[in-house]
Amino acid sequence: VYEQVLDAAQYALVEDRTQLLHLPLEPDAAGSFFFPSDQEQQLRVLVRDGRSDEAAALTERILAHNLDKGIRHIHMILLCSGIVGAALHALGELRREGGIPNVNSGGVYNALPRCDTARDYQELVSGFVRSAALCAAEQPRTEDAILDGVQAFLEQNYRREFSMDELAQTLHLSMS
């Protein structure tokens, strides 16, 4: 029975109150979650641009939408992991030496299964997204479109041989 309860707990709906589990639960009765690619891209842009309040607000809206539809704990963990992953991806897009700064994503991933209520998930994930955006805002930015273009070209083509003429042509520049 203990194993059944632990297994069933991940399929309980996420709510703001303690729940009683009524067995048997049907794991497939509720769908998964809603996090379309356009929202993911929007979140990545907000985090990368250091717009912490807007990024946290979007995160809250994504979570609220899924909570309104009735989301199970297992799907909420997956959704929150996707949101955290999008924020980390945004930090990875920033071009700087030393890699991605330590924003304790491991601690967030470890804490997700221990969340009990909707508020727990919201505070944990929104707080992480806000911290990631604040971290992004502190990173030095290049304002040089040519340097950004060169860096983007190199990132896409570093595995193959290319000429300086090809690089100049791609960036619509002269060789000099």
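This text follows the structure it describes.
An account of the accompanying structure is given in this report. (Residues numbered from 1 in each chain as written. Predicted model: local features only at pLDDT ≥ 70, side-chain atom pairs only at ≥ 80, totals over all residues. Heavy atoms only, no water.)

**A word on unusual backbone geometry**
Selection rule: Comment: elements are numbered from the N terminus, with helices defined as DSSP H or I runs of at least four residues and strands as E runs of at least two.
Of note, the phi angle at Asn104 is positive, near 60 degrees, even though the residue is not glycine. Considering the arrangement of structural elements, one finds Asn104 in the loop between α4 (73-93) and α5 (105-111).

**Things to note about the packing of aromatic side chains**
We count it as follows: Each Phe, Tyr or Trp ring (for Trp, its six-membered ring) is paired with any other whose centre lies within 6.5 Å, and the angle between the two planes then decides the class: stacked below 30 degrees, edge-to-face above 60, tilted in between. Think of it in three bands: with a 1.4 Å probe and only protein chains considered, a residue is buried below 20% of the maximum accessible area for its type, exposed above 50%, and partly exposed in between.
If you walk through the whole model with that rule in mind, you get 1 aromatic pair. Ring centres 5.0 Å apart and planes at 85 degrees place the aromatic pair Phe153 and Phe162 in the edge-to-face group. Judged by its relative accessible area of 6%, Phe153 falls in the buried class. Looking at Phe162, the relative accessible area reads 28%, which means it is partly exposed.

**Observations regarding helix α6 (residues 118-137)**
The condition is simple: Helices are assigned an expected span. That span is 1.5 Å times one less than the residue count.
Relative to the 28 Å expected for 20 residues at 1.5 Å per residue, α6 spans 28 Å between its end C-alpha atoms, a close match to the ideal helical length. Of all the positions in α6, only Ala118, Tyr121, Gln122, Val125, Ser126, Phe128, Val129, Ala132, Ala133, Cys135 and Ala136 are classed as buried.

**Thoughts on the pattern of salt bridges**
Which entries qualify depends on this criterion: Salt bridge, as used here: a side-chain nitrogen of Lys or Arg that lies within 4 Å of a carboxyl oxygen of Asp or Glu.
This model, assessed by the stated rule, comprises 6 salt bridges. A salt bridge links Asp49 to Arg51; the nearest nitrogen and oxygen atoms lie 3.8 Å apart. Residue Asp49 is classed as partly exposed on the basis of its relative accessible area, which comes to 35%. A residue is classified by how much of its surface remains accessible, and Arg51, at 35% relative accessible area, is partly exposed. Among the salt bridges present, the one from Asp53 reaches Arg130, with a minimum N-O distance of 2.5 Å. One end of the pair, Asp53, is in helix α3 (residues 52-69); the other, Arg130, is in helix α6, with 77 residues separating them in the sequence.

**Some points on the nonpolar core**
The condition is simple: Take the buried residues of types Ala, Val, Leu, Ile, Met, Phe, Trp, Tyr and Cys, join any two whose side-chain atoms come within 4.5 Å, and each joined set is a nonpolar core. Two residues form a contact once any of their heavy atoms are found within 4.5 Å.
Core analysis: the largest hydrophobic core is formed by 35 residues, its most contacted members being Leu43, Val47, Met76, Leu79, Ile83 and Val129. Every element with two or more residues in this core is listed here: α2 (37-48), α3, α4 and α6. Tallying contributions element by element places α4 first for this core, with 10 residues. With residues up to four places along the chain from it excluded, the contact list for Ile83 reads Phe35, Leu43, Thr59, Ile62, Leu63, Val125 and Val129.

**Comments concerning the packing of α3 against α4**
The cut-off we apply is this: Under this scheme, a helix contributes an axis fitted over its contacting stretch, all axes are lines through C-alpha atoms, and angles between N-to-C directions fall in the 0 to 180 degree range. If an angle is under 35 degrees, it is roughly parallel; if it is over 145, roughly antiparallel; if it lies from 65 to 115, roughly perpendicular; otherwise it is oblique. Left-handed describes a crossing in which the near helix is turned anticlockwise from the far one by less than a right angle; the clockwise case is right-handed.
Running from N to C, α3 and α4 cross one another at 165 degrees; their axes reach a closest spacing of 11 Å. The orientation of α3 with respect to α4, classified from their angle, is roughly antiparallel. Judged by the sense of rotation from one axis to the other, the crossing of α3 with α4 is right-handed. Contacts from Thr59, Ile62, Leu63, Asn66 and Leu67 of α3 reach α4 at Met76, Leu79, Cys80 and Ile83.

**Some remarks on α4**
End to end, α4 covers 30 Å across 21 residues, agreeing with the expected 30 Å (1.5 Å per residue, within 8%). Regarding α4, the residues found buried are His73, His75, Met76, Leu79, Cys80, Ile83, Val84, Ala86, Ala87, Leu88, Ala90 and Leu91.

**Describing the environment of Val150**
The residue Val150 is located in helix α7 (residues 145-157) in this model. Taking the C-alpha atoms as reference, Val150 lies 8.9 Å from Ala168; in sequence the two are 18 residues apart.

What is shown is where atoms sit, not what they do.
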